[in-house]
Amino acid sequence: MAPFDMRCIECGKVHEMTKPIYACSSCGNLLEIAVDIPSVQRRLSGNEWRARPLSVWKYRELLPFGPETTIYSRNEGGTPLIACRNLAEHLGLKNLWIKFDGMNPTGSFKDRGMTAGITKAKDLGMGIVTCASTGNTSASLAAYAGLAGLKCVVLIPEGKVALGKLAQAMMHGAKVVSVKGNFDQALDMVMKASDSLGMYVLNSVNPFRIEGQKTAAYEVCDQLGGSAPDSLYIPVGNGGNSAAYWKGFKEYEGLGVVDSRPRIMGVQAAGSAPVATMFSRGSDTLVPVSKPDTVATAIRIGNPANWKKTVRAIRDSEGSCFTVTDEEILRAQKLMAKMEGIFAEPAGAAAFAGLVKDVTSGAVDRSSKIVCVSTGHGLKDPDVAVGQSERPVMIDASVEALRKVMEGL
Ligand SMILES: Cc1ncc(COP(=O)(O)O)c(C=O)c1O
Ligand SMILES: [Zn+2]
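Residues numbered from 1 in each chain as written. Chains lettered and ligands numbered in written order. Predicted model: local features only at pLDDT ≥ 70, side-chain atom pairs only at ≥ 80, totals over all residues.

### Some points on the overall build of the chain
A count of helical and extended segments in the chain gives 14 helices and 13 strands. Counting only C-alpha atoms, the chain reaches 75 × 45 × 45 Å along its principal axes. Within the span of the chain, comprising 409 residues, buried residues form 51% of the whole. Counting only contacts in the chain whose residues sit at least 6 apart along the sequence, the fraction spanning at least 24 positions is 71%. (Helix = DSSP H or I, 4+ residues; strand = E, 2+ residues; numbered from the N terminus. Buried ≥ 20, exposed ≤ 12 C-beta atoms within 10 Å, placed from the backbone. Contact = placed C-beta atoms within 7 Å.)

### Here we look at the pairing of strand β6 (residues 128-132)
β6 sits mainly inside the fold: four of its five residues count as buried. Alignment of β6 against strand β7 (residues 151-157), held across five bridges, turns out to be parallel. By the bridge assignment, Thr 130 is partnered in β7 with Val 153. Running through helix α4 (residues 136-148), the crossover from β6 to the neighbouring parallel element β7 is right-handed. As judged from the three bridges shared by β6 and strand β9 (residues 199-201), these two strands associate in the parallel manner. (Pairing = 2+ DSSP bridges. Right-handed = clockwise from strand over helix to strand, strands pointing away.)

### Some remarks on the nonpolar core
Counting 113 residues, the largest nonpolar core has Val 129, Leu 141, Val 154, Tyr 233, Val 267, Ala 350 and Phe 352 as its most contacted members. It is helix α12 (residues 347-360) that contributes the most residues to this core, eight residues altogether. Mapped onto the domain boundaries, this core takes at least three residues apiece from domain 1 (4-53 + 108-201) and domain 2 (81-106 + 207-387). If we skip the residues at most four places from it in the chain, Phe 352 touches Ile 98, Tyr 233, Ala 332, Met 336, Cys 372 and Ser 374. (Core = buried A, V, L, I, M, F, W, Y, C linked by C-beta atoms within 7 Å. Domains from an automatic or database assignment.)

### With respect to the site of ligand 1
Inspection of the region around ligand 1 gives 20 residues, with Gly 237, Asn 238, Ala 298, Thr 375 and Gly 376 positioned closest. In terms of residues, the shell around ligand 1 owes the most to one element, helix α8 (residues 240-254), which gives three residues. Here the shell around ligand 1 is built from residues that sort into five nonpolar, 14 polar and one charged. Two domains each provide a minimum of three residues to the shell around ligand 1, namely domain 1 (4-53 + 108-201) and domain 2 (81-106 + 207-387). (Near = placed C-beta within 6 Å. Nonpolar A, V, L, I, M, F, W, Y, C, P; charged D, E, K, R; others polar.)

### Observations regarding unusual backbone geometry
Peptide bonds are, in most cases, trans, and in most cases residues other than glycine have a negative phi. Positive phi outside glycine occurs at Asn 75, with the angle close to 60°. Given 13 C-beta atoms within 10 Å, Asn 75 falls into the partly exposed group.

### Points about the domain arrangement of the chain
Domain parsing of the chain yields domain 1 (4-53 + 108-201) and domain 2 (81-106 + 207-387). Once you take the C-alpha centre of each, domain 1 and domain 2 turn out to be 21 Å apart. Of the residues lining the interface, 36 residues belong to domain 1; the matching set on domain 2 comes to 39 residues. Looking at the side of domain 1 that touches domain 2, the elements that each hand over two or more residues are β3 (31-35), α1 (37-44), α3 (110-124), α4, α5 (163-171) and α6 (183-197). For the side of domain 1 that touches domain 2, the leading source of residues is α3, giving seven residues. Tallied by class, the residues present in the side of domain 1 that touches domain 2 amount to 16 nonpolar, 13 polar and seven charged.

### Some points on the pairing of strand β12 (residues 320-324)
Most of β12 sits inside the fold, with four of its five residues counted as buried. Where strand β11 (residues 263-269) lies against β12, five bridges are found, and the strand directions are parallel. For Ala 269, the partnering residue across the bridge sits in β12 and is Val 324.

### Thoughts on the environment of His 15
Here His 15 is to be found in strand β2 (residues 14-15). Spatially, the C-alpha atoms of His 15 and Glu 32 are 9.8 Å apart, while their sequence positions differ by 17 residues. Residues within four places of His 15 in sequence aside, it is in contact with Met 6, Ile 21, Ser 25 and Leu 31.

### Some thoughts on the sheet that holds β7
Pairing in this open sheet of four strands is parallel, and the strands run β8-β7-β6-β9 from one edge to the other. Sheet topology places β8 (175-179) and β9 at the edges, where each strand pairs with a single neighbour. When the angles between neighbouring strand axes are averaged without regard to direction, this sheet yields 25°. Of the strands in this sheet, β6, β7, β8 and β9 touch α6, which is tilted by about 155° from β6. (Axes fitted to C-alpha atoms, helices over the stretch in contact; angles between N-to-C directions.)

### A few points about α8
Because each turn of an α-helix spans 3.6 residues, side chains separated by three or four positions end up pointing in the same direction. The terminal C-alpha atoms of α8 lie 21 Å apart, and with 15 residues this matches the ideal 21 Å at 1.5 Å per residue to within 8%. Residues Gly 240, Asn 241, Ser 242, Ala 243, Ala 244, Tyr 245, Trp 246, Lys 247, Gly 248, Phe 249 and Tyr 252 constitute the buried set of α8. Note on α8: the residue one or two positions beyond its end, Gly 256, has a positive phi of about 80°. (Expected span 1.5 Å × (residues − 1).)

Rendered as structure tokens:
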């Protein structure tokens, strides 16, 4: 068998990887890249891959590209897995890490998927790439499109994209289109228009994006010295990243690099929580949220495109998906920043907020190995950060005035 093929997650139909397609031609369901472990093992054997520095392309043989493919990279991945001793002590935990994927080149985990997605776009000979985005995807796509010399059109929901992300997409040279609607409507437009307008879609329905993103799970295991955590807390928006992590953990276990897999604990914002609602109701069907709302604009998604993948991932892993309120997200964001020096955007604090909630309710084994994924950098959303912080104190330019301020420390 070939090391990789592209299959429908529902009916298993195999699709050609040489065409820009995002859904099964028979049943319309999502596609994924199936990995044949023995063939990949052969690709890996006899080379020094384990000794390479951490990055998405450390795992090149585990990705669906041949050795001849030209790669478009900004050295993404290799992000720190931070041992959070202060937060662990604060919560009474023994082993807590934050995987800070906000340290990627454009400040979010999307770069992992985009290096793979843009590499595929070039391989397919596409000239224009597109996405709908709550902000980070557009920032990342714009950067990688520029790197690869591709035209880029990004659709964003009007007025709901954090300032830093908008600045990135514009600076990197994308055509930024503001849609009078929400993310779900923008994605719907992209999916309907891409074929006729000759654009390659790089939302997470594109299975090559997921392939890049799964490397974060390999990295976590490598950074833990060749073992998987017991649980992984991760924000869920469209559901691509949680599915990607699960895929990565399963493959690493299949290859015998690790001997266990974590429970995937999906966290959604209470105002945008269709997947969490499925779990609380024990339901098998997704009911979209028509007017999603949350301070964590990156996960302000009411109709997650990858819901089937993430629900399967979470269930297979014996994990769960639940909600946190905006207040809990903001409190977690501050705690991470103050106690560990990790500045995450609100969505990038949602996973940790979920862990805090689970610890408070007694749902966590305090000696277990826990990793929270922080998906995006805090500088992306300066308005939220400034809005919840104490204003600077204004003083005269004198030491006496400064002394007075110090009295209040
Ligand atoms: C910072 C951040 N966190 C989490 C997510 C959610 O990821 P996914 O849509 O893959 O579930 C996004 C998606 O836009 C994001 O930008
Ligand atoms: Zn199918």
